[in-house]
Amino acid sequence: MTTLSSKADTKKSESLKKPAGGKKGQSSSQKVRLATAWLGGCSGCHMSFLDLDERLIDLAEAVELVYSPIADVKTFPENVDVTLVEGAVANVDHLELAEQIRERSKIVVSFGDCAVTGNVTSLRNKLPVDDLLTKVYHEGPGAVPRGGEIDKVVPALIPRVLPLHQVITVDAFIPGCPPDPERIWAAVSSLLAGEPVVLADKMRKFG
Ligand code: SF4
């Protein structure tokens with residue numbers, strides 16, 4: 001896998017150069033518009049992102065967080081510079097959000113092993129969806145009758161869980177379950193500097 005030697009090509013990265021820099025007092029219009037999204041994952045990748053600790057202060061100077069599970073924004077916005085996507089594509093809501101992300105983001109980063117390979121989320125691929133729903137939800141300990149209200153509320157599963165790049169074009173990959181903060185920082189700081197992201201060998205491992 002090419003990991004973060006990424007398809008985040010020079011042209012795309014250049015477009016981030018202007019707002020990057022993280023100067024104190026930068027107005028929001030000068031900042032990089034960063035989004036993070038949560039598809040079929042456990043949120044561990046986002047927890048690792050929060051483990052950037054004091055580097056989050058530097059990041060807050062350089063970016064405007066325009067969409068994230070850690071922010072109360074309901075709709076994926078237009079004109080996003082960089083989006084980190086945690087999790088695999090597992091249901092119809094994920095499909096729709098992934099397509100919106102691609103349309104509205106200059107650079108899309110596959111963030112963590114579930115997004116990169118399917119990983120844990122794709123373990124259910126061994127069972128056909130109908131058998132899975134029956135075994136887990138309708139015959140299991142919390143059995144729910146088929147065809148009730150719940151079937152209208154819960155987004156329909158797609159037949160197979162897919163890694164993000166099988167659904168939309170992805171510009172860069174950050175492997176890891178979860179990626180450790182150093183790896184995340186290496187990737188994000190390169191993108192903010194308008195540089196292609198190239199991870200060191202030790203940061204190219206799964207798991
Ligand atoms: S890669 Fe690991 S930490 Fe991240 S969402 Fe998947 S299971 Fe959770």
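Structure shown above.
Being a predicted model, the structure only gives us computed values, none of them experimental.

Things to note about the overall build of the protein chain
Thought 1: A count of helical and extended segments in the protein chain gives eight helices and seven strands.
Thought 2: Counting the 207 residues in the protein chain, one finds 38% classified as buried.
Thought 3: Excluding contacts between residues fewer than 6 apart, the proportion of contacts in the protein chain whose partners are at least 24 apart in sequence is 83%.

Considering the sheet that holds strand β5 (residues 105-111)
Thought 1: With parallel pairing, five strands are arranged side by side in an open sheet as β2-β1-β3-β5-β7. Looking at strand neighbours, the two that pair on one side only are β2 (63-67) and β7 (172-174), the edges of this open sheet. Direction aside, neighbouring strands of the sheet carry axes that sit 25° apart on average.
Thought 2: With three bridges connecting them, β5 and β7 associate as parallel partners. When the bridges of β7 are listed, Ser110 appears paired with Phe173.
Thought 3: Strands β1 (32-38), β3 (80-86) and β5 of the sheet are contacted by helix α4 (residues 92-104), whose axis makes an angle of about 135° with β5.
Thought 4: Most of the contacts of helix α8 (residues 181-192) go to β7, to which it runs at about 155°, and overall it touches β1, β3, β5 and β7.

About the thresholds
- Residues numbered from 1 in each chain as written.
- Predicted model: local features only at pLDDT ≥ 70, side-chain atom pairs only at ≥ 80, totals over all residues.
- Helix = DSSP H or I, 4+ residues; strand = E, 2+ residues; numbered from the N terminus.
- Buried ≥ 20, exposed ≤ 12 C-beta atoms within 10 Å, placed from the backbone.
- Contact = placed C-beta atoms within 7 Å.
- Pairing = 2+ DSSP bridges.
- Axes fitted to C-alpha atoms, helices over the stretch in contact; angles between N-to-C directions.

Limitation: the analysis is restricted to geometry and does not speak to function.
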